[in-house]
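Residue-level listing of the chains:
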Amino acid sequence: MKRLVVLASGSGTNLQALIDAITCGELEAEIAAVISERPDAGALGRAVAAGIPALTLSLADRRDPAIRAAYDRDLASVVDSMRPDLVVLAGWMLICGTAFLERFPGRIVNVHPALLPDGEASEVTTSRGRLPALRGARAVAEALRRELPLTGVTVHYVTSAVDAGPLIAHEEVPILPGDDETRLHERIKRAEHRLLPRAVSLALAASNEEE
Ligand code: GRF
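Please read these numbers as outputs of a predicted model, since none were measured by experiment.

A. Spatial organisation of the environment of Arg83. Take Arg83: it is sitting in the loop between helix 3 (65-81) and strand 4 (86-89). The exposed category is assigned to Arg83, whose relative accessible area is 56%. Between the C-alpha atoms of Arg83 and Val48, which are 35 residues apart in sequence, the distance is 20 Å.

What follows is the structure, encoded as structure tokens:
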């Protein structure tokens, strides 16, 4: 059975989508561990409820480069000890540093709440023409601020270019009249919950072909 390690900082609804997809047989994998840098992350409670080992790895100061680099090394060691086939960033709010990226080349995937292209282009082709690729932590608010006709969900491989790695799958999400950030993010998350398990399946299948 293919092994996933899930890194999650938030409420863990994407983790739950993976757990549910595994339970119903849609995703053939097991989750070896869930790791959060926040002890209060809802994702940890969801892991425990599902009988999955849950760990907190706290980061003392995210602005101190030495502490940050040491954290990346520690995180890489802990994740490596779980022998993952794939590392899934499911609402992980830290940028992955070099030590971490180099340990799992081509084996880290991320779910992002906006429509991104394949790679580093600044625009993405959509059913409503070319639109800006919204990267970073404020992508949902930014879609509203720019009054875009639509946004989306992307699952991509993680590289040192933040939110700009090779595409695995993406899906458009409409922006509707009266949307605020909460309402739009809820619609985006529903799409994430459909797309993430499928994209993880695709990434696992691709890793099989490489072996
Ligand atoms: C998701 O929208 C994800 O795309 C973003 O953070 C959110 C995490 O939600 N990076 P949850 O913790 O999975 O509910």
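B. Inspection of the site of the ligand at higher detail. In the region of the ligand, the neighbouring residues are Gly10, Ser11, Gly12, Thr13, Asn14, Gly91, Val111, His112, Pro113, His185, Lys189 and Glu192. Measuring from an oxygen atom of the ligand, one finds a side-chain N or O atom of Thr13 at 2.5 Å. One nitrogen or oxygen atom from the side chain of Glu192 is found 2.4 Å from an oxygen atom belonging to the ligand. About the coverage of the ligand: the protein hides 90% of its 370 Å² of free accessible area. Taken atom by atom, the bulk of the ligand overlaps the largest pocket. Residue assignment for the shell around the ligand shows that the elements contributing at least two residues are helix 1 (13-23), strand 5 (108-112) and helix 6 (181-210). Ranked by residues supplied to the shell around the ligand, first place goes to helix 6 with three residues.

C. View of the sheet that holds strand 2 (residues 30-36). The strand order across the open sheet formed by seven strands is 3-2-1-4-5-8-9, and the pairing between neighbours is mixed. Since the sheet does not close on itself, it has two edges, and those belong to strand 3 (54-56) and strand 9 (167-174), each with one partner. The sheet shows a mean angle of 20 degrees between the axes of neighbouring strands, direction not considered. Alignment of strand 4 against strand 5, held across three bridges, turns out to be parallel.

D. Representation of the layout of surface pockets. Reported here for the largest pocket is a volume of approximately 810 Å³. Around the largest pocket, the lining is made up of 39 residues, and of these Gly91, Trp92, Met93, Val111 and Pro113 lie nearest the centre. Broken down by secondary-structure element, the contributors of at least two residues to the lining of the largest pocket are helix 1, strand 5, helix 5 (139-145) and helix 6. No other element matches the four residues that helix 6 contributes to the lining of the largest pocket. Lining the second largest pocket we find 10 residues, and of these Gly106, Arg107, Ala206, Ser207 and Glu210 sit closest to its centre. Ranked by residues supplied to the lining of the second largest pocket, first place goes to helix 6 with four residues. Considered class by class, the residues forming the lining of the second largest pocket number four nonpolar, two polar and four charged.

E. Spatial organisation of the packing of helix 1 against helix 2 (residues 42-49). Where helix 1 contacts helix 2, the axes come no closer than 9 Å and their chain directions differ by 20 degrees. Relative to helix 2, the element helix 1 lies roughly parallel. The handedness of the crossing between helix 1 and helix 2 comes out as right-handed. In this structure, helix 1 uses Thr13, Leu15, Gln16 and Ile19 to contact helix 2, whose residues at the interface are Ala43, Arg46 and Ala47. Broken down by class, the residue content of the contact of helix 1 with helix 2 amounts to four nonpolar, two polar and one charged.

F. How the structure looks around empty space enclosed by the protein. Within this structure, the stated rule accounts for one cavity of 30 Å³ or more. The space that makes up the largest cavity amounts to roughly 50 Å³. Lining the largest cavity, in full, are Ala114, Leu115, Val124, Thr126, Leu131, Pro132, Leu134, Leu148, Leu150 and Thr151. Elements with a minimum of two residues in the lining of the largest cavity: strand 6 (123-126), strand 7 (129-132) and strand 8 (150-157). Each residue belonging to the lining of the largest cavity can be placed in one class, and the counts come to eight nonpolar, two polar and no charged.

G. Fine view of unusual backbone geometry. Phi at Arg83 takes a positive value of approximately 50 degrees, unusual for a residue other than glycine. Of note, the phi angle at Glu147 is positive, near 55 degrees, even though the residue is not glycine. Structurally, Glu147 is set in the loop between helix 5 and strand 8. A relative accessible area of 70% places Glu147 in the exposed class.

What counts, and at which threshold
- Residues numbered from 1 in each chain as written.
- Predicted model: local features only at pLDDT ≥ 70, side-chain atom pairs only at ≥ 80, totals over all residues.
- Heavy atoms only, no water.
- Helix = DSSP H or I, 4+ residues; strand = E, 2+ residues; numbered from the N terminus.
- Buried < 20%, exposed > 50% of the residue type's maximum accessible area, 1.4 Å probe, protein only.
- Near = heavy atom within 4 Å.
- Polar contact = N/O pair within 3.5 Å; in protein donor to acceptor, adjacent residues only side chain to side chain.
- Areas by Shrake-Rupley, 256 points an atom, 1.4 Å probe, with all protein chains shown as cover.
- 1 Å grid on protein atoms, 1.4 Å probe; cavity = no way out; pocket = protein on both sides within 12 Å on 5 of 7 lines; lining within 4 Å.
- Sits in = over half its atoms within 2 Å of the grid points.
- Pairing = 2+ DSSP bridges.
- Axes fitted to C-alpha atoms, helices over the stretch in contact; angles between N-to-C directions.
- Points joined across faces, edges and corners; volume = space filled by probe spheres on them.
- Nonpolar A, V, L, I, M, F, W, Y, C, P; charged D, E, K, R; others polar.
- Parallel < 35°, antiparallel > 145°, perpendicular 65-115°, else oblique.
- Left-handed = near helix turned anticlockwise from the far one by under 90°.
- Contact = heavy atoms within 4.5 Å.

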